[in-house]
Amino acid sequence: MQSRIPSTDPTGDGHGGQLSVEMASVVASARRRATRDGDAQIDTAHLLHALLESAPGARDAFDGGPPQIARLLGYLVQRTIGYGLRWYGSVEDSGALPVLDGGAAPGWSPSAAAAMDTAAGRAHARGADLATGVDLLAALAHDRECRAVEVLHRAGVDLDALTKRLLDDAACQEPT
C-alpha cells in the first residue's frame, strides 16, 4: 500500500529528508485540504492553513494572539467558499523555484516545494536534522509572492515583524 503522505523530499534535491511528526501532520493536513478543495497541488496557502491547525510553535509566532489566528483561519476558510476561486486551476509559482517540467515535484506547487526545501535548509543551518513548523512558517513568510503571504497580508499580519521574530527565534534554538 502506498503512503498517503506525499514525498518527504518534494523538490527531489535531497534537502527534504525525513519529516518530523509535526511536519508529517502538516503535510498530511495540507494534502487533505488540497484534495477537498479540488486542487491538483498543495500550495502555500494549504501549508499555512495546516500549520495554524497542527503546529503550536507556528501559531505562537504571531504577536496578535488568538484573535489574529482566528482572522487568518477565517481568510483560509473563505478560500474554499469563494475568495480562492481565482486561484482554482492555476499553478502557484512565485518564482522561488524554477518551473522546468511541471513534474519536478508532483503534487506540489513550485512555491510550496520551495518552501519545504527552504524549511529543511533552515533546520540544517541551525544543526537540526528535521524541520519544524516554525521553519516552514519562516520559509513561507520569506517568499513575499506566494499565496500564504497574500493571506497573511489580508489578515493584517506585519510580515516584517513576523520575519524578524522568526529569525530571532531561529538564532535562539538549540540543535535537535
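Treat the numbers as computed from the prediction; the structure is a model and nothing was measured. (Residues numbered from 1 in each chain as written. Predicted model: local features only at pLDDT ≥ 70, side-chain atom pairs only at ≥ 80, totals over all residues. Heavy atoms only, no water.)

**Quick notes on the pattern of salt bridges**
Under the definition given, this model contains seven salt bridges. Across the pair aspartate 43 and arginine 147 runs a salt bridge, and its minimum N-O distance is 2.9 Å. Of this pair, aspartate 43 sits in the loop between helix H1 (21-36) and helix H2 (44-54) while arginine 147 sits in helix H7 (residues 147-154), and the two are 104 residues apart along the sequence. The class of arginine 147 is buried, set by a relative accessible area of 9%. Where aspartate 135 meets arginine 122, a salt bridge forms, and the shortest distance between an N and an O atom there is 2.7 Å. Of this pair, aspartate 135 sits in helix H6 (residues 133-142) while arginine 122 sits in helix H5 (residues 110-125), and the two are 13 residues apart along the sequence. Residue aspartate 135 is classed as buried on the basis of its relative accessible area, which comes to 0%. For arginine 122, a relative accessible area of 15% puts it in the buried group. One network of salt bridges, in which partners are shared, links Arg122, Arg126 and Asp135. (Salt bridge = Lys/Arg side-chain N within 4 Å of Asp/Glu carboxyl O. Helix = DSSP H or I, 4+ residues; strand = E, 2+ residues; numbered from the N terminus. Buried < 20%, exposed > 50% of the residue type's maximum accessible area, 1.4 Å probe, protein only.)

**Brief notes about H5**
The terminal C-alpha atoms of H5 lie 22 Å apart, and with 16 residues this matches the ideal 22 Å at 1.5 Å per residue to within 8%. Residues Pro110, Ser111, Ala112, Ala113, Ala114, Ala115, Met116, Ala119, Ala120, Arg122 and Ala123 constitute the buried set of H5. Directly beyond the C-terminal end of H5, a positive phi value near 90° is found at glycine 127. (Expected span 1.5 Å × (residues − 1).)

**Side note on the side chain of aspartate 135**
A distance of 2.6 Å separates the side chain of aspartate 135 from the side chain of arginine 126, its partner in a polar contact. Among the polar contacts listed, one links the side chain of aspartate 135 to the backbone nitrogen of threonine 132, at a separation of 2.8 Å. Here aspartate 135 is in contact with Ala119, Arg122, Ala123, Arg126 and Leu130, once residues within four sequence places are set aside. (Polar contact = N/O pair within 3.5 Å; in protein donor to acceptor, adjacent residues only side chain to side chain. Contact = heavy atoms within 4.5 Å.)

**As for the environment of glycine 57**
Along the chain, the position of glycine 57 falls in helix H3 (residues 56-60). You can call glycine 57 partly exposed: its relative accessible area is 31%. Sequence-wise, glycine 57 and glycine 133 are 76 residues apart; in three dimensions their C-alpha atoms are separated by 6.6 Å.

Just distances and angles here, no functional claims.
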